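# A look at the structure
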Amino acid sequence: MSKWNEDYSLTNARVSRVLGYGSYAGAEYSEWNQSWNTSNASPDTHLSGDLEVLRARSADLHRNSALISGATQGLAVGVVGRGIRPRAKAISGVDAVQDAEIRNILDREWAEFQKTACADGVTSFYELQNQAVLSMVRDGDVLAIFPDIDNGKSLAVDLIAANRVSTPQKGPTDRIRHGVEYKSRRVSAYWVSVSEDSTTSEHYRFPIDRNGRLNARMLTRPMAKTPGQSRAVPLISAAIGRVKDVETYAQAEIRRAVASAKVTGVLSSPDPQKIAEAWSNLQSGNELAETYKSRSFGQLFDAQIMSLASGESMQMFSPNNTNPGFGGFIETTLKQIAGCYGTPWSVCFNILDKLNYSNARTNKTAARRVYELWQSVLIDNLCQPTWELFVTYLWANGKLPGVRAVTPDLLRCEWRTDVERWIDPAKEVSAAGDAIALGLASNISACSDIGEDAYEVARNQMDYVQWRKAELELRGLDELDLGFVPSESYRKTESETETVKKDETKKPEESPDE
């Protein structure tokens, strides 16, 4: 581009901005957006003045707003449910008997460990997962502190509230941003206030690694940070003002509804002047005052009772009803809140009564993708690190017989989660059967889609068959005695059995010679 063309282009761009139009409509300046103040400062610069206020307001809404509290609880149920549970995978290099023994030990020890996995000694690991989700929603992030298993004394995990992770007044403050210490642009440690409410200047320093093992990790809600941003903001930050408006609007509508429920009367008198004079001179004892002494007043809550004098009448009327647009305002607000949570508003607030099967399934499928995203945060940053420390701790204490070293195979596990059950069981089972028949799915994936473990289902089925068979033999019964309708293969097997019995009891025919 020539110098003249370059100058002309720059001049044209400046003129366009002055005149109110440009290459991008969003960059236009007009009377409608002249009060729109923006800033290109770094993400952490924006956090410096607003993060504490956002956390405080978010916490207040979680305590006092049924909408926010209910939406967060619904998200936690969808993400954690009964708990994100581990299942040890097969271990290579050992025979089947030893593999089964080790996995049984891991399952048994984990069942005991998870009951009091938290550092407080009473909170289970699955309750800890719920606390992590709640903290990430309310505050944006939460710090997980893992045990030092080298001392052999503790195998407990602790969660530190976001407000305690802060920058100390002393120390390498030039390398710390919002409690996160950096070294060569990499996170190296977290600084945690000694007091629960961050009122003291004393801080603990928790490095990321200790003796080559994970020591601390920040759990951040999904899609919460941009490059260069050290901390996350609360999930509902974009809707905090609108949620607060709902309370104000609701209070105004309640007052309006109370007013509309009242009955108002207009008193008509034959001679208002004489009545006014009589009431002003009740103490004088004149004849007119005595005439209206029978009038009496009674006071009720937010109402008044008055008797009428002779010749008076009362005309009654009521104000208009409450604002019919209130429902639309609430619905719009619910959709904005659900947008922050990332789930359809019908699922976020459990409003499924007016949806048909297809819409309900579509909405629940969309919500499930969000749940899986949150589950990946928990599994990668809390569950799997805890499992690896747990297995290493058992091995170091000699509780895994025959295991010479901690290998990657030993640390692998599958994390099982609760999945929303069928909306229409007949359609869901039919679709799963068709998918298996066409080779698009397996029994394992079909069970996983409804939150079940295919191996556990198969074991339960075999255990039930063995138990049923033993009970029938013990009682001298068969399936037909219980009203059981046998399948074709069952009838075929029974028919063959009867044929064999008849052949065995049939007498041999005598030969002609005899």
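Residues numbered from 1 in each chain as written. Predicted model: local features only at pLDDT ≥ 70, side-chain atom pairs only at ≥ 80, totals over all residues. Heavy atoms only, no water.

### Some thoughts on a nonpolar patch on the surface
Taken together, the side chains of Y464, V465 and W467 define a hydrophobic patch exposed on the protein surface, amounting to about 340 Å² of accessible area. Mapped onto the elements of the fold, V465 is located in helix α15 (residues 454–475). (Patch = residues over 30% accessible without salt bridge, like charges linked within 9 Å, V, L, I, M, F, W, Y side chains within 5 Å. Areas by Shrake-Rupley, 256 points an atom, 1.4 Å probe, with all protein chains shown as cover. Salt bridge = Lys/Arg side-chain N within 4 Å of Asp/Glu carboxyl O. Helix = DSSP H or I, 4+ residues; strand = E, 2+ residues; numbered from the N terminus.)

### Notes on the nonpolar core
Grouped together as the largest cluster of nonpolar side chains are 82 residues, with contacts concentrated most on Y341 and L378. If one sorts the elements of this core by residue count, helix α11 (residues 357–396) sits on top with 15 residues. Ignoring any residue separated from it by four or fewer positions in sequence, one finds Y341 in contact with H62, I68, A71, T72, L75, V137, L235, I236, C348 and V370. (Core = buried A, V, L, I, M, F, W, Y, C linked by side-chain atoms within 4.5 Å. Buried < 20%, exposed > 50% of the residue type's maximum accessible area, 1.4 Å probe, protein only. Contact = heavy atoms within 4.5 Å.)

### A short note on the pattern of salt bridges
Using the criterion set out here, one finds 16 salt bridges in the structure. The shortest N-O distance in the salt bridge between R85 and D418 comes to 3.3 Å. In this pair, R85 sits in strand β1 (residues 85–88) while D418 sits in the loop between β15 (413–416) and α13 (425–437), placing the two residues 333 residues apart along the sequence. No difference in accessibility class separates R85 from D418, as the two residues are buried. When the shortest N-O distance is used, the salt bridge between R412 and D409 registers 3.4 Å. R412 gets classed as partly exposed once you look at its relative accessible area, which sits at 36%.

### With respect to the environment of A117
Within the secondary structure, A117 sits in the loop between α4 (96–113) and α5 (125–139). The spacing of A117 and L155 is 38 residues in sequence and 7.3 Å in space, taken between C-alpha atoms. In contact with A117, other than residues within four places in its own chain, are T123, S124, F125, L155, A156 and V157.

### Some words on the packing of helix α3 (residues 66–79) against α11
Packing of α3 against α11 brings their axes to within 9 Å, and their N-to-C directions diverge by 70°. Compared by their axis directions, α3 and α11 come out roughly perpendicular. Residue-level contacts link G74, L75, G78 and V79 of α3 to Y371, W374, Q375 and L378 of α11. Residues that form the contact of α3 with α11 fall into these classes: five nonpolar, three polar and no charged. (Axes fitted to C-alpha atoms, helices over the stretch in contact; angles between N-to-C directions. Parallel < 35°, antiparallel > 145°, perpendicular 65-115°, else oblique. Nonpolar A, V, L, I, M, F, W, Y, C, P; charged D, E, K, R; others polar.)

### Here we look at the sheet that holds strand β2 (residues 141–145)
Reading across the sheet, the three strands line up as β3-β2-β10 and stay open at both edges, with antiparallel pairing between neighbours. Whereas interior strands pair on both sides, the edge strands pair on one side only; in this sheet they are β3 (158–160) and β10 (216–220). On average, each strand axis in the sheet is inclined to that of its neighbour by 30°, with strand direction left out of account. Sheet topology places β2 next to β10; five bridges connect them, and they run antiparallel. Its bridge partner being in β10, A144 is matched across the sheet by R217. This element, α5, spans β2, β3 and β10 of the sheet and lies at about 145° to β2. (Pairing = 2+ DSSP bridges.)

### Brief notes about the sheet that holds strand β6 (residues 186–193)
The four strands are arranged β4-β5-β6-β7 in an open sheet whose pairing can be described as antiparallel. Either end of the sheet is taken by a strand with one partner, and the two such strands are β4 (176–177) and β7 (203–207). The sheet contact formed by β4 and strand β5 (residues 180–183) spans two bridges and is antiparallel. Directly across from I176, in β5, lies its bridge partner E181.

### Digging into the pairing of β5
Turn length for the β4-β5 hairpin, with the two strands adjacent in sequence and antiparallel, is two residues, and the turn residue H178 shows positive phi of about 55°. Sheet analysis places β5 next to β6, joined by four bridges and oriented antiparallel. Bridge assignment links Y182 to a residue of β6, and that residue is V187. Between the end of β5 and the start of β6, which pair antiparallel, lie two residues, with S184 showing a positive phi angle near 55°.

### With respect to α15
Between the first and last C-alpha of α15 there are 32 Å, a value that for 22 residues agrees with the 32 Å anticipated at 1.5 Å per step. One or two positions beyond α15, positive phi appears at G476, with a value near 65°. (Expected span 1.5 Å × (residues − 1).)

### Concerning α5
Look at α5: 20 Å from first C-alpha to last across 15 residues, which is about the 21 Å you get at 1.5 Å a residue. Listed as buried for α5 are F125, Y126, L128, Q129, A132, V133, S135, M136, V137 and D139. Looking one or two residues beyond α5, the residue adopting positive phi is G140, at roughly 105°.

### A word on the packing of aromatic side chains
Applying the stated criterion across every chain, the model contains 11 aromatic pairs. Relative to F390, the ring of W110 lies with its centre 5.2 Å away and its plane at 85°, an arrangement referred to as edge-to-face. Here W110, found in helix α4, pairs with F390, found in helix α11; they are 280 residues apart in sequence, far enough to count as distant. We classify F390 as buried; its relative accessible area is 1%. Cluster of aromatic residues (ring-pair linked, three or more members): W110, F113, F125, Y126, W387, F390 and W415. Here the guanidinium or amino end of R177 rests over the ring plane of Y182, the centre of that ring lying 4.3 Å away. (Phe/Tyr/Trp six-rings, centres within 6.5 Å; stacked < 30°, edge-to-face > 60°. Lys NZ or Arg CZ within 6 Å of the ring centre and 35° of its normal.)

### Looking at unusual backbone geometry
Although it is not a glycine, S184 adopts a positive phi angle of roughly 55°. Position of S184 among the secondary structure elements: in the loop between β5 and β6.

### As for the side chain of T392
Relative to the assigned elements, T392 resides in helix α11. Residue class for T392 comes out buried when judged on its relative accessible area of 12%. A distance of 2.7 Å separates a polar side-chain atom of T392 from the backbone oxygen of E388. Non-local contacts of T392, meaning those with residues more than four positions away in its chain, are made with I149, R213, V406 and L411. (Polar contact = N/O pair within 3.5 Å; in protein donor to acceptor, adjacent residues only side chain to side chain.)

### Thoughts on the pairing of β2
In the case of a regular strand, side chains alternate between the two sheet surfaces. With five of five residues buried, β2 is to be regarded as a mostly interior element. In β2, alternate side chains face the same way, and those of D141, L143 and I145 on one face and V142 and A144 on the other are all buried. Pairing analysis gives three bridges linking β2 to β3, with the strands arranged antiparallel. Across the sheet, residue L143 finds its bridge partner in β3, namely I160.

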